[in-house]
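# A closer look at the structure
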Amino acid sequence: MREQIPPGPLLFSKDEKMAEEKFPGVFLVGGRLATRNLALGFRVYGEKLVQEGEAEYRLWDLYRSKLAAALHKGLKEMPIKPGASVLYLGAASGTTASHVSDIVGESGAVYCVEFAQRSARDLISVCEKRQNMLPIMGDARLPQEYSEGIGKVDVIYQDVAQPDQDEIFIRNSSAFLKNGGWGMIAIKSQSIDVTRQPKKVFDEFVARVGSEIDVKQEIELSPYDLDHLFISGKKK
Ligand SMILES: C[S@@+](CC[C@H](N)C(=O)[O-])C[C@H]1O[C@@H](n2cnc3c(N)ncnc32)[C@H](O)[C@@H]1O
């Protein structure tokens, strides 16, 4: 939940200086992953804010965001960059999506699809402070219902934890992903089949989405998220 915070010693660290850019828009601040806050003075999920000169950074929690965990564990290419358009499936209350919004900046766009009403309420209040972040209350299984105004995107980021995660990605990729665009997917094996070995579930998933993207990297997310695989790949 976002809240407005006045600057003060408990909220802004003056010790953790020297932001270093790891990828465009992604920083290490005092050795910790961070993004530059697009909504100055606002936190989204209780994350720490760090001031350096004119810039304010939001530390990015590896246990709360699979994208942060994937970056930390060695993601080699980061297609979410300043100016990119991102379709985000399963935005929940906007934890990771808000960092994506920081990265793509004012010239980018983050279309956030979420179907749970409770999460969507929090998501909307995060989007109100970020002009590049648009909430879409909809079911990611039905891309035709939210297609208006999105066009083609540079990246589809998906984290829906559903048994039909593969089909959801394939439908959205064929509707919205640009040629040469990127798919980034957090796969939760337990949501697909609790009775099977995660590795088998992951292998099948990768083979199925292989019809849409050429998978370039697979990152297992433990200890930050158990039984999760993060994959990224380029549209064929
Ligand atoms: C694991 S949470 C996402 C966490 C979020 N990506 C983050 O890092 O901040 C999965 C979310 O996907 C949403 N979801 C699952 N199936 C969906 C669907 N078919 N359409 C839209 N949202 C869906 C759930 O309501 C839930 O909020």
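Just so you know, these numbers come straight off a predicted model, no measurement behind them. (Residues numbered from 1 in each chain as written. Predicted model: local features only at pLDDT ≥ 70, side-chain atom pairs only at ≥ 80, totals over all residues. Heavy atoms only, no water.)

### A closer look at the site of the ligand
The full set close to the ligand counts 16 residues, and Tyr88, Thr96, Glu114, Asp139 and Ala140 are the nearest of them. At 2.6 Å from an oxygen atom of the ligand is found a side-chain nitrogen or oxygen belonging to Thr96. Between an oxygen atom of the ligand and a side-chain N or O atom of Glu114, the distance comes to 2.6 Å. Compared with its free state, where it exposes 600 Å², the ligand has 86% of that area covered by protein. Residues of the shell around the ligand, tallied by class, amount to 6 nonpolar, 5 polar and 5 charged. (Near = heavy atom within 4 Å. Polar contact = N/O pair within 3.5 Å; in protein donor to acceptor, adjacent residues only side chain to side chain. Areas by Shrake-Rupley, 256 points an atom, 1.4 Å probe, with all protein chains shown as cover. Nonpolar A, V, L, I, M, F, W, Y, C, P; charged D, E, K, R; others polar.)

### Considering the confidence of the model for the chain
When the pLDDT values of the chain are averaged, the result is 92; 93% of them are 70 or greater. Within the model, pLDDT remains below 50 along residues 1-13, and this stretch shows 32 contacts once partners closer than five positions in the same chain are excluded. (pLDDT = per-residue confidence, 0-100. Contact = heavy atoms within 4.5 Å.)

### Describing the pairing of strand β9 (residues 85-89)
Where burial is concerned, most of β9 is hidden: 5 out of the 5 residues are buried. What you see with β9 is no split at all: Ser85, Leu87 and Leu89 on one side and Val86 and Tyr88 on the other are buried throughout. Here β9 pairs with strand β10 (residues 109-114) via 5 bridges, running parallel. Residue pairing in the sheet places Leu87 in a bridge with Tyr111 of β10. Taken together, β9, helix α2 (residues 95-104) and β10 constitute a β-α-β crossover, and its handedness is right-handed. By the bridge criterion, 4 bridges tie β9 to strand β12 (residues 153-158) in an arrangement that is parallel. Across the sheet, Tyr88 pairs through a bridge with Tyr157, a residue of β12. (Buried < 20%, exposed > 50% of the residue type's maximum accessible area, 1.4 Å probe, protein only. Helix = DSSP H or I, 4+ residues; strand = E, 2+ residues; numbered from the N terminus. Pairing = 2+ DSSP bridges. Right-handed = clockwise from strand over helix to strand, strands pointing away.)

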